[in-house]
Amino acid sequence: MSRPLRKDYRTADFEKLSQLIRDHPLMRAPGAEQQQLMQKLRTPEYRTKCVMRASLDDIALGINLYKLQLDKPHSPLPEETEFQEEPVPSALSARSPRSATSAARPSAAPFIKVLLRKTPIVVLFERRSMTALVDTEEGRLVIEDNRKYDELLSGIDKTRRTVDADTQTMTALMKSRLVNTERLTTAQMGSYVSNFEMYDTYADLQKSTTSVEVQGERKIEVTTYHVGGVDQFVEINSLPGFRLALMLTMRILASNVFEPQQRRYRNMAPPDPLAEDVKFKYRLGLLWRLSPPSANPAVHQAVSDMSFCPSNGDIMAVAYGVYSHGKVGRLPRSGWVYVWNIKNPVNPERCYNYQVPVVTVEFSPTQPQLLAIGLHNGSVEVRDISGQDLPPLAISQRSTSPHFEPVTAIKWIYFEGDVGSKDPHITPFLATSQAGAVTKYRLINSPNLLGFEQQRLQRAEGELEGIPIDRAPPAASLLANRHPQCLELVLDPVQADIYYVLTDEGTLYKCSTNYPLQHLELRQVHDGPAACMEFSPWSPRMYLTCGSDWCIRIWLAGILLPIVTLQHHLSPVHCARWSRTHSTILVSLSRSTVDIWDLRNSTMKPVSSTTIDANIFYTTFKFTHCGRSLAVGNEAGNLLMLSFEDMPFSPHFQYKQLKRAIFKALSMQPDLRQQVKSVGYFGYPGGKSLTRA
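Residues numbered from 1 in each chain as written. Predicted model: local features only at pLDDT ≥ 70, side-chain atom pairs only at ≥ 80, totals over all residues. Heavy atoms only, no water.

When its secondary structure is counted, the chain shows 11 helices and 32 strands. Expressed as a percentage of the 693 residues in the chain, the buried residues total 37%. Intrachain contacts of the chain at a sequence separation of at least 6 include 55% that bridge at least 24 residues. Of the roughly 44400 Å² of accessible surface on the chain, 55% is carried by carbon and sulfur atoms. (Helix = DSSP H or I, 4+ residues; strand = E, 2+ residues; numbered from the N terminus. Buried < 20%, exposed > 50% of the residue type's maximum accessible area, 1.4 Å probe, protein only. Contact = heavy atoms within 4.5 Å. Areas by Shrake-Rupley, 256 points an atom, 1.4 Å probe, with all protein chains shown as cover.)

A cluster of nonpolar residues, Ile 236, Leu 239, Phe 242 and Leu 246, forms a patch on the protein surface that exposes about 330 Å² of accessible area. Of note, Leu 239 is situated in the loop between helix 8 (232-237) and helix 9 (240-265). (Patch = residues over 30% accessible without salt bridge, like charges linked within 9 Å, V, L, I, M, F, W, Y side chains within 5 Å. Salt bridge = Lys/Arg side-chain N within 4 Å of Asp/Glu carboxyl O.)

Counted under the stated rule, the structure contains 17 salt bridges. Between Glu 645 and Arg 264 there is a salt bridge; the shortest N-O distance is 2.9 Å. Of this pair, Glu 645 sits in strand 32 (residues 639-645) while Arg 264 sits in helix 9; the two residues are 381 residues apart in sequence, bridging distant segments of the chain. Residue Glu 521 is joined to Arg 523 by a salt bridge in which the shortest nitrogen-to-oxygen separation is 3.1 Å.

Strand pairs in the sheet, formed through backbone hydrogen bonds, run parallel or antiparallel to each other. Strand order in the open sheet formed by 4 strands is 22-23-24-25, with antiparallel pairing between adjacent strands. A strand with exactly one partner marks an edge of an open sheet, and here the two such strands are strand 22 (530-536) and strand 25 (564-566). The sheet shows a mean angle of 20 degrees between the axes of neighbouring strands, direction not considered. Relative to strand 25, strand 24 (residues 552-556) runs antiparallel, the two being bridged by 3 bridges. Across the sheet, residue Ile 554 finds its bridge partner in strand 25, namely Val 564. (Pairing = 2+ DSSP bridges. Axes fitted to C-alpha atoms, helices over the stretch in contact; angles between N-to-C directions.)

Further remarks concern the environment of Ala 317. Mapped onto the fold, Ala 317 is located in strand 6 (residues 315-321). On the basis of relative accessibility, which here comes to 0%, the residue Ala 317 falls in the buried class. Sequence separation between Ala 317 and Ile 373 is 56 residues; the distance between their C-alpha atoms is 9.9 Å. In this structure Ala 317 touches Asp 305, Met 306, Ser 307, Tyr 338, Val 339, Val 361, Phe 363 and Leu 371, once residues within four positions along its chain are discounted.

All right, on to the sheet that holds strand 8 (residues 350-354) then. Strand order in this open sheet of 4 strands is 5-6-7-8, and the pairing throughout is antiparallel. In this open sheet, the two strands that pair with only one neighbour each are strand 5 (302-308) and strand 8. Across the sheet, the axes of successive neighbouring strands diverge by a mean angle of 15 degrees, strand direction being ignored. Bridge analysis of strand 5 against strand 6 gives 6 bridges, and the strand direction is antiparallel. Bridging across to strand 6, Ala 302 finds its partner in Gly 321.

The next point concerns helix 10 (residues 654-665). Relative to the 16 Å expected for 12 residues at 1.5 Å per residue, helix 10 spans 17 Å between its end C-alpha atoms, a close match to the ideal helical length. Taken together, the buried positions of helix 10 are occupied by Gln 654, Tyr 655, Gln 657, Leu 658, Ala 661, Ile 662 and Phe 663. Where helix 10 is buried, its residues meet strand 22, strand 23 (539-547), strand 25, strand 26 (575-578) and helix 11 (670-679). (Expected span 1.5 Å × (residues − 1).)

The biggest cluster of nonpolar side chains holds 44 residues, and the ones touching the most others in it are Met 542, Ile 554, Ile 563, Leu 630 and Ile 662. Ranked by the residues each element gives to this core, the list is headed by helix 10, at 5 residues. For Leu 630, the residues in contact, after removing those within four places along its chain, are Leu 284, Val 587, Phe 621, Lys 622, Phe 623, Thr 624, Leu 640, Met 641, Leu 642 and Phe 644. With 19 residues, the next largest nonpolar core counts Val 303, Tyr 338, Ile 342 and Leu 639 among its residues. (Core = buried A, V, L, I, M, F, W, Y, C linked by side-chain atoms within 4.5 Å.)

A few words on the packing of aromatic side chains. Scanning the model with the defined rule gives 13 aromatic pairs in all. Pairing Tyr 320 with Tyr 338 gives two aromatic rings, centres 5.5 Å apart and planes at 70 degrees, and the pair type is edge-to-face. Separated by 18 residues along the polypeptide, Tyr 320 in strand 6 and Tyr 338 in strand 7 (residues 335-341) bring together distant segments of the chain. The residues Tyr 320 and Tyr 338 share a single accessibility class, namely buried. (Phe/Tyr/Trp six-rings, centres within 6.5 Å; stacked < 30°, edge-to-face > 60°.)

Right, let's get into the side chain of Asn 634. Relative to the elements of secondary structure, Asn 634 occurs in strand 31 (residues 629-634). Exposure remark for Asn 634: the relative accessible area of 0% places this residue in the buried category. Reaching out from Asn 634, the side chain makes a polar contact with the backbone nitrogen of Ala 636 at a distance of 3.3 Å. Of note is the side chain of Asn 634, whose polar atom sits 3.3 Å from the backbone nitrogen of Gly 637. Those residues within four positions of Asn 634 in sequence are excluded, and the remaining contacts are Ala 302, Val 303, Asp 613, Ile 616, Phe 617, Tyr 618 and Thr 619. (Polar contact = N/O pair within 3.5 Å; in protein donor to acceptor, adjacent residues only side chain to side chain.)

On to the packing of helix 10 against helix 11, then. The interhelical angle for the contact between helix 10 and helix 11, taken along N-to-C directions, is 155 degrees, at an axis separation of 9 Å. Between helix 10 and helix 11, the angle falls in the class roughly antiparallel. Between helix 10 and helix 11, the contacting residues are Ile 662, Phe 663 and Lys 664 on the first element and Arg 673, Val 676 and Lys 677 on the second. (Parallel < 35°, antiparallel > 145°, perpendicular 65-115°, else oblique.)

In terms of burial, strand 10 (residues 370-375) is a largely internal element, 6 of the 6 residues being buried. In this structure, strand 9 (residues 358-363) lies alongside strand 10, joined through 5 bridges in antiparallel fashion. Residue pairing for strand 10: Phe 363 is matched across the bridge by Leu 371. The turn joining strand 9 and strand 10, which pair antiparallel and follow one another in sequence, is formed by 6 residues. Sheet topology note: the strand 10/strand 11 (residues 380-384) ladder contains 5 bridges and is antiparallel. Pairing of Ile 373 across the sheet is with Glu 381, part of strand 11. Adjacent in sequence and paired antiparallel, strand 10 and strand 11 are bridged by 4 residues, among which Gly 378 carries a positive phi angle near 95 degrees.

Attention now goes to empty space enclosed by the protein. Inspection of the entire model under this criterion finds 4 cavities of 30 Å³ or more. Empty space within the largest cavity amounts to approximately 80 Å³. As for the largest cavity, its lining consists of 13 residues, of which His 569, Val 573, Ser 588, Asp 595 and Trp 597 are closest to the centre. Mapped by element, the contributors of at least two residues to the lining of the largest cavity are strand 27 (585-589) and strand 28 (594-598). (1 Å grid on protein atoms, 1.4 Å probe; cavity = no way out; pocket = protein on both sides within 12 Å on 5 of 7 lines; lining within 4 Å. Points joined across faces, edges and corners; volume = space filled by probe spheres on them.)

Moving on, we get to unusual backbone geometry. The phi torsion of most residues other than glycine is negative, and most of the peptide bonds are trans. With phi around 55 degrees, Asp 389 is a residue other than glycine that occupies positive phi space. Checked against the element boundaries, Asp 389 lands in the loop between strand 11 and strand 12 (394-395). Classification of Asp 389 by relative accessible area gives exposed; the value is 61%. Unusually for a residue other than glycine, Leu 517 sits at a positive phi of about 65 degrees.

Laid out in structure tokens, this is it:
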């Protein structure tokens, strides 16, 4: 509380100071010249001409200069002998130039000294931003500080308006935690090396220069050093840690080039159903091309088969060998199995070389690291691809599988409780050969596979069920050609003991593992070799077959004739498979084109045909796990990874769409339409789907 001010408090001092100010020469009345100057300064024209902008520094400088002018001494006039006290003009007239009639004595200095300076920055409130990891002590302190700050701002009387904004930064730079690394610590270490040791070290080094081809266009010189005749780089490359680091480094470098293609392969950007510019062109786009094992075009290295890992769709095994003997004058003496990863589409991560061509490969559904390999000489191997440079896990022996014909197909036998179970066991697998034999192999605690003959097919005679063909009776019985060549092996999607075998006669054998040495059913599906067979993912009773008679036929269990026949090109159909995303779409592969069929649109011609490398014949293809990409191999050893673009959206009720398309295709065949209608429901229970490679 302030005290009251008394009237007689320092009154005498204030009156004395006021009197001194009034008696000062600067406070006297100005003369006539000063009055004229002031009248001139008040005119609007003069104000307009003399308007100027000055900063604080300019004002301070002007006051200092004015002070110097006031303190500057003037010489007296010659006729004056003594100083006379003259009236001093006001402060305003003192800034104007002195006239000739002004007094000789200099004017007195102002009684008030004004000094303008920049004041220091006054910080009213400062809160430094701090970023710390949450799971550290600093992070917990920051969280506690933020909580206390929120409590201080909460309440009725303490409510403040706060706005979060970035200052002095156009874009907020953000950094993820994964890029943070530990701080590197360096230390200086001293060591002593004599001249003799340095001389001996350089004397043992043997310098050698070799030229290396880069992409087949230019050569670079590489200098290496050998110690005692041993190349140190070869020993370093053989270390498992170095090879693992090299593989990871190559993945990172490849991602810089193939990142958009890898994102498309993994289906990270599905089509938008609400897009305005939707076009259904059924187009195939090339993502990348996997190079063949050898750059020499004279070496025959066709892609004979491929298999995707069931647990990781990024990994695929490719077999290189012989597919067609038309252009092969002599059987090649080498074969390869490459394990590719889409993280590195430039170099394979596992390489296995063989002295004979490789025909087929297949991953195990219960143990994804196991890979079964069928060779051209009839041998079968099982490898573990989880480690580098591991020997074969098991090899077949001639005592149990005395076949010298190429192994054409391998399928692991799986049961419903195997995939995804807590303790999966290694299941046996079936292998077919061109000798007409179906062999069942099993892994045991031995370096050899335990195998026995499951089935021995005999050539068909007489008239069979299925399509009618004219089979001329043989003139004489040839004992050397009593068995047909097995070309394809397919497992039943529902019954685990049932499997189907396609032969070069165009026949389909239905067999069971519970009834060896005999088949259950025999049907004629093509007038020529039957190359491929696959069940529909939305129907366990509907399947398609393709062969060398230029046709693709769709069959339904319980009906002897094909319900739909597709034919467009006058060339053999090497492979045909159902789409994994659309129940009415299937893809077929001829010698030079990849055709996409849509049963909803037409059964007379495909909706699109794609040709890549028209001078090289295609061999086989397979879908990826997501169904939006497929891998196509050719006879030059190239593996083309293609993606489906501008495809129609998947229907919500896949089975209903498939059934509607089948009945639409049978609109001109009332008898066959009635047979299909009598079959009833031919899909999976509940309308579910089953997609197995």
